[in-house]
Amino acid sequence: MDNFTHNDEELLVQYLDGVLDEHTKAEVEKKLNSDTEFRNAYESLLLTKEAVKQYGLKEKVAGIHKGMMKEMQQAPIRHISSARRAVRYTISVAAALIVLIGSFMLYNFYSLSAEKVFNSGFQSYDLSTARGNEEKESVIAKAYRSKKFDDVVKLYEAGADSSKEAMFLTGMSALELKENSKAISNFKMLIAANQQNNEKLYNDDAEYYLSLSYIRNGDYDFALGLLHKIKDDSNHRYNKKVTAKLLRQIKMLKWR
Amino acid sequence: MEVIKNFPDSEIVGNIRSGERMDEIIKALYRMHFDSLCWHIMNNSGSREDAEDIFQEVVVSFIDLVQKDKFRGESSVKTFLFSLNRNLWLNELKRKGRALAREEKFEKGQERTEADFGHQLADREGKLAVLNVVERLGETCKKILLLFYYENLPMKDIVSATDFENEQVVRNKKYKCLKQLEQMLDANPILKQTLKNLLHG
């Protein structure tokens, strides 16, 4: 900085402070544009001023900080430890699961219908698995095997056959035709006849399908009574069909 | 009793730019944002003391950036302060070698925001060194330079605030103090670079 004089230094500080008259200011600016050494000296002063401003700002905030911490001490922030955070996380996950499970259960509760429960337990009765000799089959049995359920009901009502088999197959045909009352009536008739004769012909089938008929007909108490009886009888042909889920679903339908 | 008031962003930024009601604005920043930013640090391996230190730096950086027109209002003041807080704390964790993997992952996953003045924030040590140099100035020099360059007080007010006889004596003293500080800073070129970053961004 051989060419840089004390006057130059003073001039630059005055320029930095904004106290120069317009003429001198213009001369300084002209020199700043043309003289690298002059410009570097000014940049150095600017940086020094910046250091003062940074220090001033830091001191200003630090001064207010103390007062604010005193003010805020009345409501200290709690430190959340890792263990506490883990507990909070676990609770959040558990709460989310409860909401999820609750939503799922609510959905199941409101989307459940008698028809759905009926369908989950219903299976068409397959005559061929119960009987082998088709030559001796009654006209009602033949109609049933051919899935002519209307014909089965008509034949039975016309008195073509009044056997217990005909009674049962008519009940099944009525179920297939969604004629619940007729199905209930036939199954009950069959069970009563068995009780009277101390027989068991088609009795397990009639009890199970009667309970399904009750479900679809909205007679949930009757259905539950019958299904509990089946569940309690380990020798009942349909014992395994009566699950806790089925019983729960019927109870839900009843509560609704 | 002082009325606690939430300032809208425009009022905060406007006052910082004009330098008016600075104490009131700084207090408002504390009341509105300290708790949440403190919570963030304390839940990311920091202590209450860390949170307080970082928040002071957040406020200083925010005011500095607003006054240099580097806050353009693309995000809210809250978001901007949160970003500054996060960046300053991550830099501090890295410095201490305590940055957790998830914090680094979090940082990488973040989009660059308006508050990403990385080269300024990362140079925390440089800035502290600059402040230490100013701190080493004599009390009188510090007082005169702060009153003139930070508080922007006219010479006659500085005369009243000091024991000097008249404005010319104060002016001469200020000149000497400024040159003294300049020489102290000149002794460390790294500090000059830090100041360049702070001044020019």
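Quick caveat, the model's predicted, so the values are computed rather than measured.

Draft legend 1. Main features of the overall build of chain B. A tally of regular secondary structure across chain B gives 11 helices and 0 strands. A total of 201 residues make up chain B; the buried ones form 33% of that total.

Draft legend 2. Molecular detail of helix α12 (residues 220-232) of chain A. Residue and element names in this part refer to chain A. Helix length check: α12, at 13 residues, gives a terminal C-alpha distance of 18 Å against a target of 18 Å (1.5 Å per residue), a fit within 8%. For α12, the set of buried residues is Tyr220, Ala223, Leu226 and Leu227. Down the axis of α12, the buried side of the element spans an arc of 130°, and every buried residue falls inside it. Opposite the buried face of α12, at more than 90 degrees from it, the exposed residues are Asp221, Gly225 and Asp232. The secondary structure elements touched by the buried residues of α12 are α11 (203-217) and α13 (244-255).

Draft legend 3. Spatial organisation of the interface of chain A and chain B. Each partner contributes to the interface: chain A provides 28 residues, whereas chain B provides 37 residues. A total of 23 residues in the side of chain A that touches chain B trace back to one element, the largest contributor, which is helix α3 (residues 36-72) of chain A. A breakdown of the residues in the side of chain A that touches chain B according to their chemical character gives 16 nonpolar, 6 polar and 6 charged.

Draft legend 4. The confidence of the model for chain A, seen in detail. Per-residue pLDDT for chain A averages 88, and the proportion of residues at 70 or more is 92%. Within chain A, the element-level pLDDT minimum falls on helix α6 (residues 127-130) of chain A, averaging 63, and the maximum on helix α2 (residues 22-34) of chain A, averaging 95.

Draft legend 5. Here's a closer look at helix α1 (residues 6-17) of chain A. Compared with the 16 Å implied by 1.5 Å per residue over 12 residues, the 17 Å span of α1(A) between its first and last C-alpha is a close match. Among the residues making up α1(A), those that are buried are A:Leu11, A:Leu12 and A:Val13. Looking at the buried side of α1(A), the elements it contacts are α2 and α3 of chain A together with α10 (167-186) of chain B. At the exit of α1(A) stands A:Gly18, carrying a positive phi of roughly 70°.

What counts as what
Residues numbered from 1 in each chain as written. Chains lettered and ligands numbered in written order. Predicted model: local features only at pLDDT ≥ 70, side-chain atom pairs only at ≥ 80, totals over all residues. Helix = DSSP H or I, 4+ residues; strand = E, 2+ residues; numbered from the N terminus. Buried ≥ 20, exposed ≤ 12 C-beta atoms within 10 Å, placed from the backbone. Expected span 1.5 Å × (residues − 1). Arc of directions from axis to C-beta. Contact = placed C-beta atoms within 7 Å. Nonpolar A, V, L, I, M, F, W, Y, C, P; charged D, E, K, R; others polar. pLDDT = per-residue confidence, 0-100.

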